[in-house]
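Structure at a glance
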Amino acid sequence: MHGMINRALQGFLTTTYGDAVWAEVRSQAGLPFADFEAMLDYPDALTMACFQAACHVLYKHPNALLEDIGTWLVTDAHLEPLRRLMRFSGPSFLDFLLSLEEMGERGRLAVPDLDMPRIEVDRIDPSSFRIRAQWTLPGIAPILMGCLRAMADDYGALAVLRLDGVEAGGECLHVQLLDAAYSQGRSFDLGRVRA
Amino acid sequence: MTGLLPSLDRVIGLSEGALDTLLPMHVWADPAGRIVQAGPTLTKMARMGDLTGRSLFRVVEVRRPARVDGAPALAALAGQRIGLVLTRAPHLPLRGALAPLPAGAGMILDISLGLSFARAVAEFGLTLNDFSPCDQTVELLYLHEANASTTALSRHLTRRLEAARAAALSQALTDPLTGLANRRAMDAEIAAALADPTREFGLLHIDLDLFKQVNDGFGHAAGDAVLERVGAVLRHMLRQDDVAARVGGDEFLVILRDCIEPEDLGAVATRLIASIEEPVEFEGHVCRISASIGVTASTDYAERPGLDRLLADTDAALYAAKRAGRGRHAMHGAPDGDLPRRRLDDPMPRPAARAGD
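These numbers were taken from a predicted model, which means no experiment stands behind them. (Residues numbered from 1 in each chain as written. Chains lettered and ligands numbered in written order. Predicted model: local features only at pLDDT ≥ 70, side-chain atom pairs only at ≥ 80, totals over all residues. Heavy atoms only, no water.)

1. Brief notes about the overall build of chain A
Secondary structure assignment for chain A yields 8 helices and 4 strands. When the elements of chain A are put in sequence order from the N terminus, they spell out α-α-α-α-α-α-α-β-β-α-β-β. Within chain A, buried positions represent 49% of all 195 residues. A fraction of 62% describes how many contacts in chain A between residues 6 or more apart in sequence connect residues 24 or more apart. In the structure as shown, chain A presents an accessible area of about 9,100 Å², 55% of it carried by carbon and sulfur atoms. (Helix = DSSP H or I, 4+ residues; strand = E, 2+ residues; numbered from the N terminus. Buried < 20%, exposed > 50% of the residue type's maximum accessible area, 1.4 Å probe, protein only. Contact = heavy atoms within 4.5 Å. Areas by Shrake-Rupley, 256 points an atom, 1.4 Å probe, with all protein chains shown as cover.)

2. Observations concerning the interface of chain B and chain A
Tallying the contact residues gives 22 residues for chain B and 25 residues for chain A. Of the roughly 2,000 Å² buried at the junction of chain B and chain A (both faces included), carbon and sulfur atoms supply 67%. When the buried area of chain B at its contact with chain A is split by residue, B:Leu128, B:Tyr142 and B:Glu145 rank highest and sum to 36% of it. Where chain B touches chain A, the interface holds 3 salt bridges. (Buried area = accessible area lost by both parts, 1.4 Å probe. Salt bridge = Lys/Arg side-chain N within 4 Å of Asp/Glu carboxyl O.)

3. Let's talk about the sheet that holds strand S2 (residues 128–134) of chain A
Adjacent strands of a sheet form backbone hydrogen bonds with each other and so pair up, either parallel or antiparallel. Residue and element names in this part refer to chain A. With respect to topology, 4 strands assemble into an open sheet ordered S1-S2-S4-S3, the strand pairing being antiparallel. Since the sheet does not close on itself, it has two edges, and those belong to strand S1 (118–125) and strand S3 (158–167), each with one partner. Between one strand axis and the next, the sheet turns through 20° on average, direction left out of account. The pairing of S3 with strand S4 (residues 170–179) spans 8 bridges and is antiparallel. The partner of Leu158 across the bridge, within S4, is Asp179. (Pairing = 2+ DSSP bridges. Axes fitted to C-alpha atoms, helices over the stretch in contact; angles between N-to-C directions.)

4. As for the pairing of strand S2 (residues 35–38) of chain B
Residue and element names in this part refer to chain B. In this sheet, S2 lies alongside strand S1 (residues 26–29) in antiparallel orientation, the contact comprising 3 bridges. Note that in S2 the partner of Ala29 across the bridge is Ile35. In sequence, S1 turns back onto S2 through a hairpin of 5 residues, with Gly33 there showing a positive phi of about 90°.

5. Observations regarding helix H5 (residues 117–124) of chain B
Residue and element names in this part refer to chain B. For H5, every residue scored as buried is listed here: Phe117, Ala120, Val121 and Phe124. Along H5, the residues classed as buried sweep out an arc of 100° about the axis, all on the same side. Along its buried surface, H5 packs onto helix H2 (40–46), strand S4 (82–86), strand S5 (89–100) and helix H6 (137–171). After H5 finishes, the residue Gly125 shows a positive phi value of roughly 60°. (Arc of directions from axis to C-beta.)

6. Some details on the packing of helix H7 (residues 103–110) of chain A against H6(B)
Interaxial distance between H7(A) and H6(B) falls to 8 Å at its minimum, and their mutual angle equals 50°. In terms of axis orientation, H7(A) runs oblique to H6(B). Contacts between H7(A) and H6(B) involve A:Arg106, A:Gly107, A:Leu109 and A:Ala110 from the first element and B:Glu139, B:Tyr142, B:Leu143, B:Ala146 and B:Thr150 from the second. Class assignment of the residues belonging to the contact of H7(A) with H6(B) gives a composition of 5 nonpolar, 2 polar and 2 charged. (Parallel < 35°, antiparallel > 145°, perpendicular 65-115°, else oblique. Nonpolar A, V, L, I, M, F, W, Y, C, P; charged D, E, K, R; others polar.)

7. What to know about the packing of aromatic side chains
Residue and element names in this part refer to chain A. What the rule picks out here adds up to 11 aromatic pairs over all chains. Judged by centre distance (5.4 Å) and plane angle (80°), the rings of Phe88 and Phe188 are edge-to-face. Here Phe188 lies in the segment after S4 and Phe88 lies in the loop between helix H5 (80–87) and helix H6 (93–98), a separation of 100 residues in the sequence. Judged by relative accessible area, Phe88 falls into the buried class, the value being 2%. Between the aromatic rings of Phe93 and Phe96, the centroid separation amounts to 6.2 Å while the plane-to-plane angle is 20°, which identifies the pairing as stacked. Highlighted residues: Phe93 and Phe96, both in helix H6, separated by 3 residues, approximately one helical turn. Each residue in the set Trp22, Phe33, Phe36 and Tyr42 is aromatic and connected to the rest through ring pairs, giving one cluster. Against the face of Tyr155 rests Arg87, its NZ or CZ located 4.2 Å from the ring centre. (Phe/Tyr/Trp six-rings, centres within 6.5 Å; stacked < 30°, edge-to-face > 60°. Lys NZ or Arg CZ within 6 Å of the ring centre and 35° of its normal.)

8. Focus: the pattern of salt bridges
Tallied over the full model, the rule gives 29 salt bridges over all chains. Here A:Asp154 ties to A:Arg87 by a salt bridge, and the two come within 2.5 Å at their closest N and O atoms. Separated by 67 residues along the polypeptide, A:Asp154 in helix H8 (residues 140–155) and A:Arg87 in helix H5 bring together distant segments of the chain. The exposure class of A:Arg87 is buried, given its relative accessible area of 8%. B:Asp216 is the salt-bridge partner of B:Lys212, the closest N and O atoms lying 2.8 Å from each other. You can see B:Lys212 and its partner B:Asp216 sitting in helix H8 (residues 211–218), 4 residues apart, about one turn around the helix.

9. A word on the sheet that holds strand S9 (residues 251–257) of chain B
Residues and elements named next belong to chain B. The strand order across the open sheet built from 5 strands is S8-S9-S7-S12-S13, with neighbouring strands paired in mixed fashion. Unpaired on one side and paired on the other, strand S8 (243–246) and strand S13 (329–331) mark the two borders of the sheet. Within this sheet the neighbouring strands show an average axis-to-axis angle of 15°, counted without direction. Bridge count between strand S7 (residues 201–209) and strand S12 (residues 290–297): 8 bridges; the pairing is antiparallel. By the bridge assignment, Asp207 is partnered in S12 with Ser292. Lying on the sheet, helix H7 (residues 183–195) is in contact with S7, S8 and S9; it crosses S9 at an angle near 30°. Against the sheet, helix H10 (residues 262–276) touches S7, S9, S12 and S13, its axis set at about 160° to S12.

10. Remarks on a nonpolar patch on the surface
Residue and element names in this part refer to chain A. Taken together, Leu158, Val160, Leu178 and Tyr182 make up a surface patch of nonpolar side chains, about 380 Å² in accessible area. Along the chain, Tyr182 falls in the segment after S4. Look at Tyr182 and you get exposed, because its relative accessible area is 52%. (Patch = residues over 30% accessible without salt bridge, like charges linked within 9 Å, V, L, I, M, F, W, Y side chains within 5 Å.)

11. So, the nonpolar core
Residue and element names in this part refer to chain A. Ranked by internal contacts, the top residues of the largest apolar core, which has 55 residues, are Val25, Phe93, Phe96, Leu100, Ile131 and Leu148. Examining the composition of this core, we find that 10 residues originate from one element, H8, more than from any other. Of the residues that make up this core, three or more belong to each of domain 1 (3–60) and domain 2 (71–179). Excluding its chain neighbours within four sequence positions, the residues that come into contact with Phe96 are Met86, Ser89, Met103, Leu148, Met151 and Tyr155. (Core = buried A, V, L, I, M, F, W, Y, C linked by side-chain atoms within 4.5 Å. Domains from an automatic or database assignment.)

Any functional reading would require information beyond the geometric quantities listed.
Set out below in structure tokens:
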């Protein structure tokens, strides 16, 4: 698994729960080094070992932890560049939802060898969507749910999301968009000059 | 140019709204160069309020392929790449394309941000809604930001690797050329041996003779070959429990465990010198060196000496061996008379003869 993904797992654990928890996870997972490096690759087994150790150390259900990771990816102040990249997907949450299928290409534009999930979006009715996602590791739907929930908030949209089971070839998510302009949301200045 | 200048025979009508949607940065001017309509994004960028009725040449300044300040001259640029700026933002080069409209309707000039897109988006305060979905400017911006982030990560990794490498080097215990221990490892080894009252040992300080001649005469690669060879000699001639280190350019230290009798130490030193003196062939040259060796034993002292004292005494013995003519060993504490004296300026044994000499 790409170092970026592993680094995200580590970053989530250290910023949310502190270095001591990460140290415990590392030791339980038998990680042979102190830190993941974002630009290197690691065996999937290491990623899974760390994740399972994290569930164990934190007494968390895997889905709950995955959802928290998804939310953290959008909301953590250090990951503002990532939030910005996501906001490039569209001017509204609806546009964002409808462009989720492009997320793989978008991710690979930024990091060519990144393992991105394959996502399909079906509009069931004008305000309901069914999202099917496939990834190299299990658990993409709860990550996506946390991420989408945070993005809805970011855009100021009111949406209800729930996991919708696992289908052949994909994990499923159901999204109901209740109000696209429910609140102000967070600002996104397209041309903000980067530091 | 027929591909770029389509016939005006077949004409379609486009509403103002349709033009705004398709070309949000267009401006439509009448044959006299007066603006009939301007797209919403261009209007925002021009910073003059409603542009309708203004002269096009008050809003934009055409610079490429040449400066143009009249409607007929501008119309003549139809189909070409046009370089232009907005009069209120003359430092941001933009790009345009112009098409004539049928009889008396004037012309349409469509504008894009070109390569100044990042600055332009920031300065004009543009949003995602200001671009047509067909315009890839937003994707360029995305890529621009993504690149900045990943470049920062790569730089971070490089810095970390450099720091790790420096740390590893500073902690290294091996001499990379010979594979022997290095100075740091040797000092630790001697200190540990001195600290253990049950351990007695001999210490040899070896300094290569004629090494400089090999290095200067045949080059550094030859010098390295000789040093590697000496490393191999030390590895093969010493016992498992002995330790050899390269502690300087052409200096070596050897700990001989439980070897303390002068005769034994002398025999080892003599054998080492003989092996080191065996010529090394390197790229057609025969490199001949020798070695001088200073010898001490942990038992030379009534009380355990310190590391510095022991090294200084070994060094003094080495100096005595050099002074006595090199290619030999000298014992610490042995009366000078034990060594056959030679004057310092005695000629050295013939160095490094060329192969075939």
